[in-house]
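# Structural characterization, general
The residues making up each chain are set out below.
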Amino acid sequence: MKKDLTSIADLSKQEILDLLHEAGALKAEISRQGVVPLARGKMGVLIFEKPSLRTRVTFERALHQLGATSTYLSPSDVGLGVRESVPDVARNLSRWVNCIIARVFEHEKITQLAENATIPVINALSDLEHPCQILADLLTIVDHRGSLEGVTVAWTGDGNNVCHSLMLAAATVGFNLNVATPKGFEPAPAITEQTRKLSEKSGAKIRLTYDPCEAVAEADFIYTDVWASMGQENEAEQRRQIFRPYQVNRQLLSRAKPETKVLHCLPAHRGEEITDEVLDGPQSVVLDQAENRLHIQRAILARLLRNG
Ligand code: CP
Ligand code: NVA
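The chain appears in an unreviewed UniProt entry as Ornithine carbamoyltransferase from candidate division WOR-3 bacterium. Recorded in UniProt for the chain, the comment headed Sequence similarities (unreviewed entry) runs: "Belongs to the aspartate/ornithine carbamoyltransferase superfamily. OTCase family." Recorded under Pathway (unreviewed entry), the UniProt text for the chain is reproduced unchanged: "Amino-acid biosynthesis; L-arginine biosynthesis; L-arginine from L-ornithine and carbamoyl phosphate: step 1/3."

## With respect to the UniProt feature "domain: Aspartate/ornithine carbamoyltransferase Asp/Orn-binding" (unreviewed entry) in the chain
Mapped onto the present numbering, the UniProt feature "domain: Aspartate/ornithine carbamoyltransferase Asp/Orn-binding" (unreviewed entry) falls on residues 149-303. Taken end to end, residues 149-303 has its terminal C-alpha atoms 24 Å apart, with 43% of it in helix and 14% in strand.

## Concerning helix α2 (residues 54-65)
Between its first and last C-alpha, α2 extends 16 Å over twelve residues, near the 16 Å set by a 1.5 Å rise per residue. Along α2, the positions that sit buried rather than exposed are Arg54, Thr55, Thr58, Phe59, Glu60, Ala62, Leu63 and Gln65. Just downstream of α2 lies Gly67, where phi reads positive at about 85 degrees.

## Thoughts on the site of ligand 2
What surrounds ligand 2 is the set Leu125, Asn160, Asn161, Val162, Asp225, Val226, Ser229, Met230 and Leu266. Note that an oxygen atom of ligand 2 is positioned 2.8 Å from one of the side-chain N or O atoms of Asn161. Ser229 is positioned such that a nitrogen or oxygen atom in its side chain is 2.7 Å from a nitrogen atom of ligand 2. Contact with the protein chains hides 95% of the accessible area of ligand 2, taken as 270 Å² for the molecule alone. For the shell around ligand 2, the residue count by class is five nonpolar, three polar and one charged.

## Describing the site of ligand 1
Ligand 1 sits among Ser52, Leu53, Arg54, Thr55, Arg103, His130, Gln133, Cys265, Leu266 and Arg293. A distance of 2.6 Å is found between an oxygen atom of ligand 1 and a side-chain nitrogen or oxygen belonging to Thr55. Its residues assigned to classes, the shell around ligand 1 comprises three nonpolar, four polar and three charged.

## Section: the packing of aromatic side chains
Counted under the stated rule, the structure contains five aromatic pairs. An angle of 70 degrees between the planes, with centres 5.7 Å apart, marks the rings of Phe48 and Tyr72 as edge-to-face. Note that Phe48 is positioned in strand β1 (residues 43-48) and Tyr72 in strand β2 (residues 69-73), a separation of 24 residues in sequence. Geometrically, the ring pair formed by Phe185 and Phe243 is edge-to-face, given 4.9 Å between the ring centres and 65 degrees between the ring planes. One end of the pair, Phe185, is in the loop between β6 (176-180) and α8 (189-202); the other, Phe243, is in helix α10 (residues 236-243), with 58 residues separating them in the sequence. Accessibility assignment for this pair places Phe185 and Phe243 in one class, buried. In textbook terms, an aromatic cluster arises when at least three aromatic residues are bridged by ring pairs, as seen for Phe185, Trp227, Phe243 and Tyr246. Across from the ring centre of Tyr72, 3.5 Å away, lies the NZ or CZ of Arg56, which sits over that ring.

The rules behind these values
Residues numbered from 1 in each chain as written. Chains lettered and ligands numbered in written order. Predicted model: local features only at pLDDT ≥ 70, side-chain atom pairs only at ≥ 80, totals over all residues. Heavy atoms only, no water. UniProt positions renumbered as here; feature names shortened; annotations may be inferred. Helix = DSSP H or I, 4+ residues; strand = E, 2+ residues; numbered from the N terminus. Expected span 1.5 Å × (residues − 1). Buried < 20%, exposed > 50% of the residue type's maximum accessible area, 1.4 Å probe, protein only. Near = heavy atom within 4 Å. Polar contact = N/O pair within 3.5 Å; in protein donor to acceptor, adjacent residues only side chain to side chain. Areas by Shrake-Rupley, 256 points an atom, 1.4 Å probe, with all protein chains shown as cover. Nonpolar A, V, L, I, M, F, W, Y, C, P; charged D, E, K, R; others polar. Phe/Tyr/Trp six-rings, centres within 6.5 Å; stacked < 30°, edge-to-face > 60°. Lys NZ or Arg CZ within 6 Å of the ring centre and 35° of its normal.

Now the structure itself:
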């Protein structure tokens, strides 16, 4: 049966740990050989309804490093569900290529693509989740801390797509997560419930709070993201007022341990959710996260496309 990556919850703890291991192994092989043609002759299609720097470049680069090719379809090319129904797009692409990498507004479109394609579908960001980002972040945490065992991460800001995938990852793997959001901007109740169930098995401690200082006090990593995600631009001004106490700045960092590292998926709105001095400072590991997008996505693609 074909595999998809629509949500972090598609993966078991062991599958996540295997991907992190494979990412490291392939990174070493690529640095020696340049290309590791595990997917020679295959092709991935990127269908993006929203802009991207990191996701697009790293997926295209990873495909080429595995001996595969890629094509990019911009919002104006496809018109998912407008020019043509999502199931019809999925069925057509399944006849020509080997993998769909989709960035969409409504998560439902990812689900529909996966249900109707006979090839793997990868969620490259939806309004609900950003699983590839979080897998890269887990790799970054392991790079800096050696393992995910006993790690505590604090999220401060919006209970958004990146936060959701982080919650599901923590609950699956079993690390601790404190999520601080303003009232009214908590994670989606369905994700919180899914997280609660997964945590019962893994033992992860996941706490929701409105107090960013409480969230960061014991954290090894502090993670933030933009206050207004793509598609919420008209709420940006109102959100700037509400989210101000959740900014990652020197004052908030002083409430954490001195060795605490700072994560941000990027792009950052400098001076809003994070100050320049923190983003560019010694505790920031944001460029390691960005680099790890390439390494983890190479491993994801190898898992889904490997020539059998
Ligand atoms: N972090 C991330 O997904 O970046 P892009 O939006 O640039 O792809
Ligand atoms: N939450 C952000 C993440 C961007 C990578 C957004 O959806 O715009």
